[in-house]
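Fold and geometry: a report
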Amino acid sequence: MRALIYTRETGQGVSPATPDPSAIAADLIVRIEGRSNYAIVHTKDGSAHLIAKGLSVLAKQLPTFWRVHKSHLVNPHYVAGSVGSVRFNALLRLTTGFSVPVSRRQRAAICAKLSPLSFL
């Protein structure tokens, strides 16, 4: 299954069989940051794309991604481990070097998923 997300420039999505330069393959997405009714998709090559969809809509489109915080979705393939706690906030380290916060409510679920990798 190769899910695609379509950026705002296309207006509407096209079928995955149709090549579209503004389509982003899910396996290239490292993380998605929510900003109100928009989302910023951060890809493997370091680029960021603004999408006119909320994070909850994207979470339904990408069921394999982890919702680690109210404003962050993470692709588990790019998770390197945890940084630990910084002032009672757990951070998840990604292979790109970026760290995303893990909410207090999601900490136990993420810790269970990470147990072979690291500890929060």
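Throughout this description, residue numbers start from 1 for each chain and increase along the sequence as written. With the structure being a predicted model, the display of local features is reserved for residues of pLDDT at least 70 and the display and counting of side-chain atom pairs for 80 or more, all residues being used for whole-chain, interface and lining totals. Only hydrogens and water are set aside; all other atoms, that is, all heavy atoms of the structure, feed into the side-chain values.

By the naming in an unreviewed UniProt entry, the protein is LytTR family transcriptional regulator, taken from Spirosoma liriopis.

1. Overview of the overall build of the protein
For clarity, the threshold we go by: A helix here means a DSSP run of H or I that spans at least four residues, while a strand means a run of E at least two residues long, and both kinds are numbered starting from the N terminus. Each residue gets one of three labels from its accessible area relative to the maximum for its type: buried under 20%, exposed over 50%, partly exposed in between, using a 1.4 Å probe on protein chains only. By definition, residues are in contact when any of their heavy atoms lie within 4.5 Å. Areas reported here follow the Shrake-Rupley algorithm with a probe of radius 1.4 Å; residue values treat only the protein chains shown as occluding.
Assigned secondary structure in the protein consists of 2 helices and 10 strands. Starting at the N terminus and ending at the C terminus, the protein contains elements arranged as β-β-β-β-β-α-β-β-β-β-β-α. Going through the 120 residues of the protein one by one, you find that 41% of them count as buried. Put simply, of all contacts in the protein between residues at least 6 apart along the chain, 35% involve residues at least 24 apart. Surface summary for the protein: the accessible area is close to 7,200 Å², and the carbon and sulfur share equals 55%.

2. A closer look at the pairing of strand 9 (residues 89-94)
We count it as follows: Being paired, for any two strands, means DSSP has found at least two bridges between them.
Note: strand 9 against strand 10 (residues 99-102), 4 bridges, orientation antiparallel. Counted as the bridge partner of L91 is P101 from strand 10. What sits between the antiparallel neighbours strand 9 and strand 10 is a turn of 4 residues, in which G97 has the positive phi angle 95°.

3. Observations regarding the sheet that holds strand 4 (residues 38-43)
Spelled out, the test is: Every angle, taken between N-to-C directions, lies between 0 and 180 degrees, and every axis is a line fitted to C-alpha atoms, over only the stretch in contact when it is a helix.
Read across the sheet, 5 strands follow the order 5-4-3-7-6 without closing on themselves; strand pairing throughout is antiparallel. The two strands at the open ends of the sheet, each matched to only one other strand, are strand 5 (48-51) and strand 6 (66-69). The sheet shows a mean angle of 25° between the axes of neighbouring strands, taken without regard to direction. Relative to strand 4, strand 3 (residues 29-35) is paired through 6 bridges, and the arrangement is antiparallel. Paired with R31 across the two strands is H42, which belongs to strand 4.

4. Thoughts on the packing of aromatic side chains
Test applied: Whether two aromatic rings pair depends on their centres lying within 6.5 Å, for rings of Phe, Tyr and Trp, where Trp uses its six-membered ring; planes under 30 degrees apart make the pair stacked, over 60 edge-to-face, and the rest tilted. Whether a charge lies above a ring is judged from NZ of Lys or CZ of Arg, which has to be within 6 Å of the ring centre and within 35 degrees of the ring normal.
Scanning the model with the defined rule gives 0 aromatic pairs in all. The aromatic ring of F98 is capped on one face by R31, whose charged end is 3.6 Å from the ring centroid.

5. What about the environment of N37?
Within the fold, N37 resides in the loop between strand 3 and strand 4. Owing to a relative accessible area of 57%, N37 belongs among the exposed residues under this scheme. Taking the C-alpha atoms as reference points, N37 and A52, 15 residues apart in sequence, are found 6.6 Å from one another.

6. Considerations on the confidence of the model for the protein
The following threshold applies: Confidence of the prediction at every residue is given by pLDDT, a number between 0 and 100.
On average, residues of the protein score 79 in pLDDT, and 72% of them are at 70 or above. Confidence, read as mean pLDDT per element, is least for strand 1 (residues 4-6) in the protein (60) and greatest for strand 7 (residues 72-74) (95). Per-residue pLDDT stays below 50 along residues 9-21; that stretch engages in 9 contacts with residues further than four places along the chain or on separate chains.

7. Some thoughts on the side chain of S103
Tracing the backbone through its elements, the reader meets S103 in the loop between strand 10 and helix 2 (107-114). Not counting residues within four places of it along the chain, the set of residues in contact with S103 comprises V68 and H69.

8. Observations regarding the pattern of salt bridges
Our working definition: Take a side-chain nitrogen of Lys or Arg and a carboxyl oxygen of Asp or Glu: if they are within 4 Å of each other, that pair is a salt bridge.
In this structure the tally under the stated criterion is 2 salt bridges. The partner of E33 in a salt bridge is R35, and the shortest N-O contact between them spans 2.8 Å. The exposure class assigned to E33 is buried, which follows from its relative accessible area of 15%.

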